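Chain by chain, the residues:
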Amino acid sequence: MNRGIPVKTAETIGMAQRGGSVFSHLKLGNGAVGSLIGKGEADVLIGFEPGETVRHLPFLKKDGVVISTSRPIQPVSAMIGSSEYRVNDILSYLRKSAPNLTLIDSEKALQEIGNAKVLNVLLLGAAARSGHLGVSAEDIRNALRERMPEKLWEVNDRALEYPLG
């Protein structure tokens, strides 16, 4: 928005308060019509959890980019024993189905960064560096600095610039 790019957003929050998933749509650019992204239309899919990333793959364009953590968060059904959560199968499926995939060991990254609360910035930084997000890491840095106290700038910079391999 700071660069004059039109932005449209929508969230599907549903059962988030009870441990369900949240799916946020973000459209950038003059051609953005409506706030929801249709199936096969997303340039970038950012996933905070591999199972949820797989669940939303149908929204990705054929040549789209996927940025996801590799850290599983078991759904309630797996925790109570009514279904299995096989993270290795999920990660294997992601690797086969998303040719432009970046998997991030978020546990390791956040430990090295020194703050578990910057996962969103870590993922945004990776997405920005992919070149497909429509904004740069510097754009994100500037927006964060406008909205956060100075004491949080350094940790967010480390998350934004974290080397991914």
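Caption draft 1: Spatial organisation of helix 6 (residues 137–147). For helix 6, the full list of buried residues reads Ala137, Ile140, Arg141 and Leu144. In an axial view of helix 6, the angular spread of the buried residues amounts to 100 degrees, which keeps them on one side of the axis. On its buried face, helix 6 sits against helix 5 (119–130) and helix 7 (153–160).

Caption draft 2: Structural view of the nonpolar core. Residues Ile67, Ile113 and Leu122 are the most contacted members of the largest nonpolar core, which totals 23 residues. Contributions of two or more residues to this core are made by strand 4 (60–69), helix 4 (106–113), helix 5, helix 6 and helix 7. Residues within four places of Ile113 in sequence aside, it is in contact with Val118, Leu122, Val155, Arg158, Ala159 and Tyr162. Counting residues in hydrophobic clusters, the runner-up holds 9 residues, among them Phe23, Phe59, Leu91 and Leu94.

Caption draft 3: Structural context of the pattern of salt bridges. Per the counting criterion, the structure on display carries 10 salt bridges. Two residues, Glu112 and Lys108, come together in a salt bridge whose shortest N-O distance is 4.0 Å. Residue Glu112 and its partner Lys108 are both found in helix 4; the two are separated by 4 residues, about one turn of the helix. Looking at Lys108, the relative accessible area reads 45%, which means it is partly exposed. Each member of the salt-bridge network shares a partner with another, and the members are Glu138, Arg141, Arg145, Asp157 and Glu161.

What counts and how
Residues numbered from 1 in each chain as written. Predicted model: local features only at pLDDT ≥ 70, side-chain atom pairs only at ≥ 80, totals over all residues. Heavy atoms only, no water. Buried < 20%, exposed > 50% of the residue type's maximum accessible area, 1.4 Å probe, protein only. Helix = DSSP H or I, 4+ residues; strand = E, 2+ residues; numbered from the N terminus. Arc of directions from axis to C-beta. Contact = heavy atoms within 4.5 Å. Core = buried A, V, L, I, M, F, W, Y, C linked by side-chain atoms within 4.5 Å. Salt bridge = Lys/Arg side-chain N within 4 Å of Asp/Glu carboxyl O.

Honestly, it's all geometry; don't read function into it.
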